[in-house]
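Residues per chain, in single letters:
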Amino acid sequence: MSSSALETPMMKQYLAIKARHPDAVLLYRMGDFYEMFLADAELAAPLLEIALTTRDKGKPDAVPMCGIPVHSADQYIKQLAGLGHRVAICEQVEDPREIGGRRLVKRDVVEVVTPGLVGDPEGLDGRQEVSLVALDPGGDGGTPALAVLDASTGDFRVTVPALDTPAAGGVDAGRLPELLLEEIERIAPRELLVPADRLQQSKQMFALRLPRCVLTAVAPASFDPTELPVEPEGFAELAAEGGQRPVAALLRYLGVNQPAALGHLPRVRRYELRDTVVLDAATRNHLELFENSEDRGRRGTLVELLDRTRCALGARRLARWIAYPLRRPSEIRLRQDAVAWLVARDRVRSLLREAIGEVRDLERILHKAARPTAVPRDLGALRDSLLALPDVGAALETAGDELFALSSQEPGVRPVSIVPPVALPELASLLVEALVDEPPVIARGSRGAGESGYIRAGFRPELDAIHESAQKGREWIAGLETSERLRSGIANLKVRYHPVHGYSLEVSKSQLAKVPADYERKQTLANVERFTTGALREVEGTVMGASERAAALERTIFEDLRQQVVASAGAIRDAAECVAGLDALASLAEVARREGWTRPEVDESDRTQIRSGRHPVVENSLRSRSGDGFVPNDTQLDSRGTRILLLTGPNMSGKSTYLRQVALITLMAQMGSFVPAESARIGAVDRIFTRVGASDRLSRGESTFMVEMRETAEILRLASRRSLIILDEIGRGTSTFDGLSIAWAVAEYLHDTPGLEARTLFATHYHELIAMAKQRRHIANAHFEVREWQDEVIFLRRLVDGGANRSYGIAVAKLAGLPSAVVTRARAILAELESGERQADAAGRSGRGSVDDAQLDLALSSAVREEASDGRAVLDELAALDPDRTSPIDALLAVQRWRARLKDGR
């Protein structure tokens, strides 16, 4: 491309601005469009699915370009940012009419939208946070820490986790505290700021943990907590705790990209990870808290079931509670008190939820209204939400009971109360008086005479006078067409208005002979001529001048209103937090009341006692699909008694559902929710670990078995005596004897390691592990009962004591629809294997060595010991049976079970 195409004044201006933002897509304002040129256009056009054209089309030095309308720019900006691109928004910073075309209008970048710094939050999913995180790796003896900012709401928090390992050196998984890495995964930021000298190390680590997060390098000096552009409230309190450095990096990044946001920052809040239950990524995935395993959607997840919130504020708060269950029983009980209070008051809860439904997303509306690019409709939305707040308070006051404080201790949110939110009547009244009921849509950055009409008549007398003058002029012009037709005799004469040329009298060329002498030619078109007169020019000047003065005055009034909103930002945030908490509490109460759940007891004990527990999501799904009931089961775990429950039994019997339901009931209890059980007593846990289901990470080069072993290793390394551990089918991804050996060793480690003593549910198909219950006092066996009837398997879904001696895998395969020939052959092979003939033949042919023989001997000897005890165990159970208290079906099942055990033990 020759240089001539880039030498125009406009392109020189564009290139100069682009040079200051080389890593961003530059949106260059030209009238009613944002234009993109050169490489930016070639990048953006296919991503946004818009036409790529050229400036000076057809010439050899044509410049690639594309454009988007200003009025719909925000959706395109979000799309680019969502794909990981930075977007620099370049506006006209002066009115073109003020310079009269004497020179090029000045332009400059007013904000940069990045993946973690959204601009206009309109269109974002109100249920999800949009987080930007700054990570301070804590080199040179410093303490690692991170700060989190949701720029769409103003939520601003920082944490300095206790160190698990020394933190000196670079950013790598071996030196950063595991809690810090897990917390970043739990936040799932859109953008992560790291020191530039640690960027490559960070990429290696977070490429696996945060594949959808954009890593942005910032100068190491950005973390210096001195000489900041602004210090938010609460910043000084972080000095002694090591939390100022990541906050400083966030503030500088915000100051460079969206400087206007620095003027209305909220208080930065410290939160402690030790105050909440740690849920690693594997646990969140296995329990399907926010995404299902099928399509990563919301359907069939815990949040979908619990979320009956009425506004976006409550939806985000509830999601935070699920992600951060509480640790301290005293705080859990306070939240439970609030839920119970609402459960017991159907009318209050209904009125409260109805009132909250009228409150829009105050946090994000405030964010929009506080920006210089705010438009009247933003303040109108804020006004409508403020007007709804008194109804929220009135709903609570109908109870007539003494209201109590709710200590809401989720990270980054200070305590709120179950009391009416701040109503802000003065601000609401001001916005009602100032704005029309439905403020018109005005595009971002708009200037000019036409952008008015949103200030209510009567609010400012001087504005009313200007409007009256303009209205009289427009009325005179409206009557001009009739009077001039009569005066000139031109029947088809029309009065026209053009945004550039103004008002004119339009005459067809066939009628030019009748044009009066005082008409002045203004514009010639193909079929008509346009004229003006001295009187028309005078009135036009009055009308146009009045419109411009009105628009300028309305902009001044609007800016005054916006500044008053900014001045009230703290009170608005307080109201938003209160509504968010009330909405989340009412949602939990609504679900508890509808589902018939009970309030669990959460204490400092090391026991888990659940009576008739049910899986909340599965139960709901069964009821909605088929109307079938869910079979409840009990759970008893005690660090000083049975702390490891070994579960055996066939596939499809309910083991995986049971494992997840215990974990979910524990999580729900500690987030303050009621639970699906007749009763529950939960000793508060510090972590919930789950190793459930089969998955691989082929993109990382990890097989299903490798993933299983990695997750198991993390559990054994990080678990404590306060943890809840859920393990499903450890060792199934390798050979039978290897898998059995690993599963056996893991169970031993969990039982024997001093100080571990975690409550554990351990499901396995390796029936040889049943023998461990006789060797270790804190392990007990249980299985899900199965009944065979006429060559069919009936799953009773009921958990009973003792180990199962069969997996019924072939029966399950038959249910799945395997061809009968395959099922028949599988049964024949199974019979051979159980008789030992196939193992002996295989060993003889392959010449296997002593290691395999030893494994086989270990497994067989375990099985023989178990079989030898079957007869005595049957007699002991028979002696303990009380005929008067045994139902016919229970007796039949017992006989069936004894017969199978004695038959298999012959």
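Residues numbered from 1 in each chain as written. Predicted model: local features only at pLDDT ≥ 70, side-chain atom pairs only at ≥ 80, totals over all residues. Heavy atoms only, no water.

Caption draft 1: Main features of the sheet that holds strand 10 (residues 191–195). Spatially, the 6 strands line up as an open sheet ordered 11-10-7-8-9-12, and their pairing is mixed. In this open sheet, the two strands that pair with only one neighbour each are strand 11 (214–218) and strand 12 (269–270). As paired elements, strand 7 (residues 132–136) and strand 10 share 3 bridges and run parallel to each other. The residue bridging Leu132 from the neighbouring strand is Glu191, located in strand 10. In the packing of helix 6 (residues 199–209) onto the sheet, contacts are made with strand 7, strand 10 and strand 11, and the angle to strand 11 comes to roughly 165°. (Pairing = 2+ DSSP bridges. Helix = DSSP H or I, 4+ residues; strand = E, 2+ residues; numbered from the N terminus. Contact = heavy atoms within 4.5 Å. Axes fitted to C-alpha atoms, helices over the stretch in contact; angles between N-to-C directions.)

Caption draft 2: Seen up close, the sheet that holds strand 6 (residues 107–113). Spatially, the 6 strands line up as an open sheet ordered 3-4-2-1-5-6, and their pairing is mixed. Two strands close off the open sheet at either side, each with one partner strand: strand 3 (53–55) and strand 6. In this sheet, adjacent strand axes meet at a mean angle of 40° when their direction is disregarded. By the bridge criterion, 5 bridges tie strand 2 (residues 33–37) to strand 4 (residues 63–69) in an arrangement that is antiparallel.

Caption draft 3: Quick look at helix 22 (residues 736–752). For helix 22, built from 17 residues, the straight-helix expectation of 24 Å at 1.5 Å per residue is met to within 8% by its first-to-last C-alpha distance of 24 Å. Every buried residue of helix 22 is listed here: Gly739, Leu740, Ala743, Trp744, Val746, Ala747, Leu750 and His751. Projected down its long axis, helix 22 shows its buried positions confined to an angular sector of 160°, all on one face. (Expected span 1.5 Å × (residues − 1). Buried < 20%, exposed > 50% of the residue type's maximum accessible area, 1.4 Å probe, protein only. Arc of directions from axis to C-beta.)

Caption draft 4: Broad picture of the packing of aromatic side chains. In total, this model carries 8 aromatic pairs according to the counting rule given. Aromatic pair Tyr14 and Phe37: ring centres 5.0 Å apart, planes at 75°, arrangement edge-to-face. With a gap of 23 residues between them, Tyr14 in helix 1 (residues 9–20) and Phe37 in strand 2 connect regions that are remote in the sequence. For the pair Tyr14 and Phe37, a shared accessibility class is recorded, and that class is buried. Seen in terms of ring centroids, Tyr658 and Phe784 are 5.6 Å apart; in terms of plane orientation they differ by 70°. Their pairing is edge-to-face. Taken together, the positions of Tyr658 in helix 20 (residues 655–670) and Phe784 in strand 27 (residues 779–789) put the pair 126 residues apart, joining distant regions of the chain. (Phe/Tyr/Trp six-rings, centres within 6.5 Å; stacked < 30°, edge-to-face > 60°.)

Caption draft 5: Representation of the pairing of strand 23 (residues 679–683). Here strand 19 (residues 601–603) runs beside strand 23; their pairing, made up of 3 bridges, is parallel. For Val602, the partnering residue across the bridge sits in strand 23 and is Ile682. As paired strands, strand 20 (residues 607–613) and strand 23 are joined by 4 bridges and run antiparallel to one another. Looking at strand 23, one finds that Thr608 is bridged to Ile682.

Caption draft 6: The arrangement of the confidence of the model for the chain in detail. Looking at the chain, the pLDDT average stands at 83 and 84% of residues meet or exceed 70. Every residue in residues 163–174 is under pLDDT 50, and counting partners more than four places away or in other chains gives 32 contacts. Confidence over residues 837–868 falls short of pLDDT 50; this stretch has 25 contacts with residues more than four positions distant or in other chains. (pLDDT = per-residue confidence, 0-100.)

Caption draft 7: Region of interest: the environment of Ala894. Within the secondary structure layout, Ala894 lies in helix 29 (residues 888–904). C-alpha of Ala894 to C-alpha of Glu877: the two residues are 17 residues apart in sequence and 9.1 Å apart in space.

Caption draft 8: View of the nonpolar core. Grouped together as the largest cluster of nonpolar side chains are 109 residues, with contacts concentrated most on Leu306, Ile322, Leu352, Leu362, Leu386, Leu561 and Leu645. For this core, the element with the highest residue contribution is helix 18 (residues 569–595), accounting for 15 residues. (Core = buried A, V, L, I, M, F, W, Y, C linked by side-chain atoms within 4.5 Å.)

Caption draft 9: Spatial organisation of the packing of helix 5 (residues 178–187) against helix 6. Put simply, helix 5 and helix 6 touch, their axes get as near as 11 Å, and they point 55° apart. Considering the angle they form, helix 5 stands oblique to helix 6. In terms of crossing hand, the pair formed by helix 5 and helix 6 is right-handed. Note on element contacts: helix 6 touches helix 5 through Met205, Phe206 and Arg209, opposite Glu178, Leu181, Glu182, Ile184 and Glu185. For the contact of helix 5 with helix 6, the class distribution of residues is 4 nonpolar, no polar and 4 charged. (Parallel < 35°, antiparallel > 145°, perpendicular 65-115°, else oblique. Left-handed = near helix turned anticlockwise from the far one by under 90°. Nonpolar A, V, L, I, M, F, W, Y, C, P; charged D, E, K, R; others polar.)

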